[in-house]
Amino acid sequence: MKRGERELCEAAVAALGREAVISELEQLRTYECDGLTGTRVVPALVILANSTQHVQEAVRLCNTYDVPFVARGAGTGLSGGALPVADGIVISLQRMNRILEIDLESERVVVEPGVTNLAVTQAVAGHGYYYAPDPSSQQVCTIGGNVAENSGGAHCLKYGFTVNHVTALDVVMPDGSLVQLGGKSLHTSGPDLLGTFIGSEGTLGIATQVTLRILRKPDSVCTLLAGFDSVDGAGEAVSDVIAAGVLASAMEIMDRLTLEAAEAAVSAGYPAVEALLLVELDGTSDQVEEETERVLEIFKRLGASEVRVAKSDAERALFWRGRKAAFAALGRVSPNYYVQDGVVPRSKLPAVLRRIGELSEEHGLPVGNVFHAGDGNLHPLVLYDASIPGDLAKAERLAEEILVACVEAGGALTGEHGIGTDKACSMPLMFSKDDLAVMARLRRAFDPDGRANPGKLFPTPRLCGEVPGPYREHPLEKAGRAERF
Amino acid sequence: MQNVSERVEPRSAEDASLALREAGNAGMSVSLDRPGGEVVLSTARLNRVLEHEATDLTCVVEPGIRLSELDAVLARHEQRLVLDPPGDPTVGECIAQAMSGPRRHRFGAVRDLILGVTVVLADGTIASSGGKVVKNVAGYDLAKLFCGAQGTLGLVVRAAFRLHPRPETTSTFAVELVRPRDARPLLTGLSTLNLPLGALDLLWPGRLIGLVEGSARVAQAQLDAAAQALGARHVDNDIWERSSERQLQAAGVMAFAPSDLGEVLQSEPMALIRPSLGVAYVERPIDSPQSPGLIHLEERIREQFDPGRVLVG
Ligand SMILES: Cc1cc2nc3c(=O)[nH]c(=O)nc-3n(C[C@H](O)[C@H](O)[C@H](O)COP(=O)(O)OP(=O)(O)OC[C@H]3O[C@@H](n4cnc5c(N)ncnc54)[C@H](O)[C@@H]3O)c2cc1C
């Protein structure tokens, strides 16, 4: 241990107690990466915070010793957001896992950031309520991590993302001070700092208390499956459902490769088709009945095969099981895989999927497609074999080219996994120098010393080499026919 | 004596950028879409619908367009931007003042519907954030930052929004409510029915009104359910105009935890209340002091975005 680090460690123990400080290399290794396991860094110290004051103390120490800090929830992030900084402190929020208040009359729940996403729903389910954002990792991931990533789930198509369900935050600022944003009321004045903080990936401060909106469980839910002879066909069905004015709570598509892998893994009873569309509807029973009729009509008109309607909760769970197991299932048919996360305007789905097919051919690597079709959020899984020299590099290039295709189609670099370290160098694909410079101004307002989670989100020369990839003007934009965001 | 201010009406982001730089260089203050600055930058000519992708349920517009004008365009495809603040403001005003109306109950406020912005800062920098897709977590969400910023951080020159389908029918029910102690049981009863209402306003004292949107059959079923369980009566949709007027004429806005509704009813002789949001539009000015930490943070953001204090709030 370096001298400065020893002093820091002693100061941390003095301020927070021995049981809150981890400094043994073996134990520090537990924190060396998040869900992006390819990149690892051992931090100088890990602090296991158990209160807001603890977090403030830890952050003040970072200021005194001039070292950075990285907040950490459950470490399920997929973009390297919780990757430690070598000489810095990791502040783990997992011990802050108490549900502080359940206010049913207000339909609000107040929690510490280390509470898992699913625990919120479990705490209110008995009263007929649930917490809407449902990332697939919900059994493990924390509300603090959800806030930092603005996480969504299959049902965010109808109900929105974390940002639409958080009404208040206590934030420990990078200087150690505490700021409260929002309240149980949705009325606030001034710029929407609550909304600005959510999705900032731990770079603006640490959330130590979160107030969430809970919703009544819908009376009626209907889940449907339909097979199509092409992914385009399934995509057309999605567009038609939307055009019919039906606001489904989820619409998911799996292609043949994914479908077969999922079926082999969990035996969901899926039909053998080129593309499978899963649609879920919820609301009052009349509404669901009527919408189900409309969706079935659309399926029929488009010649869908194997249309099924779940008749019980058990059957619905079965429909979802394969979808939820899709990533892991592809992991069983391929030694390694990389999950890409890109977004395209829904209308561009067919074109971009075709492009992904071409790229897959070009690079000679299979790509499985499973995606949140309703909101154009693609999760192409690039399958490769790390034991074959050059395969990993090929997979990375292919994944990057898929992103380029998404951005060129008017989409975005990430729909839910965040930028983190993984995509920091891709930011210039979507944002100009000025765009990034203005984001950096916001960061300076919160964190003038760059102490909170440095090296994430922004492309830096250290991370990306001297010349970060060029920002490409879209041809339409060049011609003045379309604007970029 | 009042100085005559210069009015500039840019037609593009570049025009606006130039105007802001010139004003800054000349040491003149600028107000955005309102009086107050030596230069008034108006979005009157930045009022186009740039894109309406009906299949994607999204649109991209300039800030000077009024909600009614935008609605007419979206209606061609049976769609709508579900923002219903009183007084037909422009999209830019909605963003700057974080406006909302009764349908916030179900659809959220501007900050929930906005997908991306392009802004021009006081020093002329043109920058974008977000995008035009409904799901996107790349980079900071400056669109949210500009919601409620009152034009102190820069001029929004373009904004993308998420749209919703127009409902086939719209109808309204009303339930009598005059005693504060009846409010909680009524709201609990309504909540138990679990109706996906488009809006829920309390015209206090008097009645609770609910907006039912959907197909004729589905809407009727909801009206029936409310009638049976709560004695709700079907009333004319015009009643929402009363709600709009009250919101517009309110002297103050009160924020409260929805569970504290009872206390609000005790203290306010008259108000327009959105019970699920915890917002009451009341007849007296409300002083809601901000914490020093928050004031300090907002100051630092202004310092970064407009260090020369060219923009007047
Ligand atoms: C199998 C699997 C499935 C997944 N499915 C989904 C999905 O469906 N939808 C989706 O959106 N994501 C999904 N994810 C990604 C991930 O689960 C989410 O991003 C989640 O919100 C991360 O939470 P966490 O507690 O693990 O955070 P971590 O990984 O520990 O941290 C994530 C980021 O948040 C920051 N952070 C953590 N806590 C705080 C805090 N209290 N204050 C400030 N910053 C903080 C960290 O610094 C880091 O930058 C999935 C991941 C896996 C492994």
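Residue numbers here run from 1 along each chain, matching the order of that chain's written sequence. Chain letters and ligand numbers both follow the written order, the letters beginning at A and the numbers at 1. The predicted origin of the model limits local features to residues at a pLDDT of at least 70 and limits the giving and counting of side-chain atom pairs to 80 or more, whereas totals for whole chains, interfaces and linings rest on all residues. Water and hydrogen atoms play no part in the side-chain values, which are based on all heavy atoms of the structure.

Draft legend 1. Looking closely at the sheet that holds strand 2 (residues 30-32) of chain B. Residues and elements named next belong to chain B. Spatially, 3 strands are ordered 1-3-2 in an open sheet, and the strand pairing comes out parallel. Each edge of the sheet is formed by a strand with only one pairing partner; in this case those strands are strand 1 (6-8) and strand 2. Strand-to-strand twist in this sheet, taken as the mean axis angle between neighbours without regard to direction, amounts to 25°. As paired strands, strand 1 and strand 3 (residues 39-41) are joined by 3 bridges and run parallel to one another. Bridge pairing in strand 3 places Arg7 opposite Val40. For two strands to be treated as a pair, DSSP must find at least two bridges joining them. Strands are runs of DSSP state E lasting at least two residues, helices are runs of H or I lasting at least four, and both sets are numbered from the N terminus onward. Axes, fitted as lines to C-alpha atoms, cover a helix only where it is in contact. Angles between the N-to-C directions of the axes lie from 0 to 180 degrees.

Draft legend 2. Quick look at the state of the cysteines. Residue and element names in this part refer to chain A. Pairs of cysteine sulfur atoms within 2.5 Å are what we label disulfides. Summed over the entire model, instances satisfying the criterion amount to 1 disulfide over all chains. Between Cys425 and Cys464 runs a disulfide, and the two sulfur atoms are separated by 2.0 Å. Its S-S torsion of about -90° marks the bond between Cys425 and Cys464 as left-handed, since a negative value means left-handed. One end of the pair, Cys425, is in the loop between helix 14 (391-408) and helix 15 (427-430); the other, Cys464, is in helix 17 (residues 461-464), and 39 residues separate them in sequence. Among the residues examined, Cys425 registers a relative accessible area of 30% and is labelled partly exposed. Of all cysteine sulfurs in the structure, the one in Cys141 sits closest to Cys33, which takes part in no disulfide; the separation is 17 Å. With no disulfide of its own, Cys156 has Cys141 as its nearest cysteine by sulfur position, at a separation of 13 Å. For every residue, the accessible area (1.4 Å probe, protein chains only) is compared with the maximum for its type, and the residue is labelled buried under 20%, exposed over 50%, or partly exposed between those bounds. When its relative accessible area of 3% is taken as the criterion, Cys156 is described as buried.

Draft legend 3. Broad picture of helix 4 (residues 117-125) of chain A. Residues and elements named next belong to chain A. Along helix 4, the positions that sit buried rather than exposed are Asn117, Val120, Thr121 and Val124. Along the axis of helix 4, the buried positions cluster into a sector of 95°, meaning they face one direction only. Note on contacts: a residue pair qualifies if any of its non-hydrogen atoms lie within 4.5 Å across the two residues. Packing partners of the buried residues in helix 4 comprise strand 5 (99-103), strand 6 (108-111), strand 7 (129-130), helix 5 (143-149) and strand 10 (206-213). This arc is built from the directions going out from the helix axis to the C-beta atoms.

Draft legend 4. Layout of the domain arrangement of chain A. All names here are of chain A. According to the domain assignment, chain A consists of domain 1 (3-92), domain 2 (99-216), domain 3 (220-327), domain 4 (334-422) and domain 5 (429-484). When each unit is reduced to the centre of its C-alpha atoms, the spacing between domain 2 and domain 4 is 29 Å. Contacts between the two partners involve 7 residues from domain 2 and, on the opposite side, 9 residues from domain 4. Each of two parts loses accessible area, computed with a 1.4 Å probe, when they are put together; buried area is these two losses added. For the pairing of domain 2 and domain 4, the buried interface totals around 530 Å² over both sides, and the portion due to carbon and sulfur atoms is 45%. Summed over the three residues of domain 2 that lose the most area to domain 4, namely Glu149, Leu157 and Glu201, the buried surface amounts to 61% of that side. Between Lys or Arg on one side and Asp or Glu on the other, a salt bridge is scored when a side-chain nitrogen of the former is within 4 Å of a carboxyl oxygen of the latter. Our count for the contact surface shared by domain 2 and domain 4 stands at 0 salt bridges. Any pair of nitrogen or oxygen atoms within 3.5 Å is treated as a polar contact; in protein, a donor-acceptor pairing is required on top of that, and neighbouring residues in sequence qualify only through side-chain atoms on both sides. Run the count over domain 2 and domain 4 and you get 2 residue pairs in polar contact (both at pLDDT 80 or more). Amino acids outside the nonpolar list (Ala, Val, Leu, Ile, Met, Phe, Trp, Tyr, Cys, Pro) and the charged list (Asp, Glu, Lys, Arg) are all regarded as polar, and Gly is one of them. Looking at side-chain class alone, the side of domain 2 that touches domain 4 contains 3 nonpolar, 2 polar and 2 charged residues. Per the annotation, domain bounds derive from an automatic or database assignment of domains.

Draft legend 5. Examining the site of the ligand more closely. All names here are of chain A. Taken together, 32 residues form the shell around the ligand, and within it Ala71, Gly73, Thr76, Ser137 and Thr142 come nearest. In this structure, an oxygen atom belonging to the ligand sits 2.8 Å away from a main-chain N or O atom of Gly77. Note on areas: Shrake-Rupley, 1.4 Å probe, and residue coverage restricted to the protein chains presented here. Starting from 980 Å² of accessible surface for the ligand in isolation, the protein chains cover 92%. Of all the secondary-structure elements, those providing two or more residues to the shell around the ligand are strand 3 (69-72), helix 5 and strand 10. It is helix 5 that provides the largest number of residues to the shell around the ligand, a total of 5 residues. Its residues placed into classes, the shell around the ligand shows 11 nonpolar, 17 polar and 4 charged. The residue makeup of the shell around the ligand includes at least three contributed by each of domain 1 (3-92) and domain 2 (99-216). We call a residue near a molecule or strand as soon as one heavy atom of that residue lies within 4 Å of the molecule or strand.

Draft legend 6. Up close: the environment of His164 of chain B. Secondary-structure assignment places His164 of chain B in strand 10 (residues 164-165). When the C-alpha atoms of His164 of chain B and Arg80 of chain B are compared, they prove to be 5.5 Å apart, with 84 residues separating the residues in sequence. Excluding anything up to four places from it in sequence, His164 of chain B contacts Leu247 of chain A together with Leu57, Gln79, Arg80, Val82, Phe107 and Leu113 of chain B.

Draft legend 7. Up close: the interface of chain A and chain B. Contacts between the two partners involve 87 residues from chain A, matched on the other side by 74 residues from chain B. Buried surface at the junction of chain A and chain B, summed over both partners, amounts to about 6,600 Å²; 56% is from carbon and sulfur atoms. On the surface where chain A and chain B come into contact, there are 6 salt bridges. For Asp192 of chain A, the salt bridge is made with Arg111 of chain B, and the minimal N-O distance between the two is 2.9 Å.

Draft legend 8. Layout of the packing of aromatic side chains. Ring pairs shown here join Phe, Tyr and Trp side chains whose ring centres sit within 6.5 Å, with only the six-membered ring taken for Trp; geometry is labelled stacked below 30 degrees between planes, edge-to-face above 60, and tilted in between. Counting across every chain of the model gives 4 aromatic pairs over all chains. Ring centres of Tyr130 of chain A and Tyr159 of chain A lie 6.4 Å apart, and the angle between their planes is 90°; this geometry places the pair in the edge-to-face category. Of this pair, Tyr130 of chain A sits in strand 7 while Tyr159 of chain A sits in helix 6 (residues 156-159), and the two are 29 residues apart along the sequence. Take Tyr130 of chain A and Tyr159 of chain A: they sit in the same class, and that class is buried. Arranged with centres 5.6 Å apart and planes meeting at 75°, the rings of Phe458 of chain A and Tyr140 of chain B form a pair that is edge-to-face. Placement of the pair is Phe458 of chain A in the loop between helix 16 (433-446) and helix 17 and Tyr140 of chain B in the loop between strand 8 (126-130) and helix 6 (142-146), with the two residues belonging to separate chains.

Draft legend 9. Expanded view of the packing of helix 9 (residues 256-266) of chain A against helix 12 (residues 326-333) of chain A. Residues and elements named next belong to chain A. Close contact between helix 9 and helix 12 brings their axes to 8 Å; oriented N to C, the two are set at 90°. Overall, the two elements helix 9 and helix 12 adopt an arrangement that is roughly perpendicular. In this structure, helix 9 contributes Leu257, Thr258, Ala261, Ala262, Ala264 and Ala265 to the contact, and helix 12 contributes Ala326, Ala329, Leu330, Arg332 and Val333. In terms of residue class, the contact of helix 9 with helix 12 is built from 9 nonpolar, 1 polar and 1 charged. By the definition adopted for this analysis, an angle is roughly parallel if under 35 degrees, roughly antiparallel if over 145, roughly perpendicular if from 65 to 115, and oblique otherwise.

Draft legend 10. Quick look at the confidence of the model for chain A. Per residue, pLDDT captures the predictor's confidence, and it can take any value from 0 to 100. Looking at chain A, pLDDT values average 93 and 95% of them are 70 or higher. Segment residues 467-485 of chain A: pLDDT under 50, and 46 contacts once partners within four positions in sequence are set aside and those in other chains are kept.

Draft legend 11. Here's a closer look at the domain arrangement of chain B. Residue and element names in this part refer to chain B. Assigned domains within chain B: domain 1 (6-165 + 294-305) and domain 2 (169-282). If you average the C-alpha positions of domain 1 and of domain 2, the two centres end up 30 Å apart. Contact with domain 1, which involves 10 residues of that partner, is made by 18 residues of domain 2. Across the interface of domain 1 and domain 2, roughly 1,100 Å² is buried in total on both sides, 55% from carbon and sulfur atoms. Considering only the surface of domain 1 that becomes buried against domain 2, Pro86, Pro102 and His105 emerge as the three largest contributors, covering 55% of it. Linking domain 1 with domain 2 are 2 salt bridges. Here Arg103 ties to Glu213 by a salt bridge, and the two come within 3.0 Å at their closest N and O atoms. Applying the counting criterion to the domain 1 and domain 2 interface returns 4 residue pairs in polar contact (both at pLDDT 80 or more). If you tally residues by element for the side of domain 1 that touches domain 2, the top one is helix 4 (residues 104-107), at 4 residues. Its residues assigned to classes, the side of domain 1 that touches domain 2 comprises 3 nonpolar, 3 polar and 4 charged.

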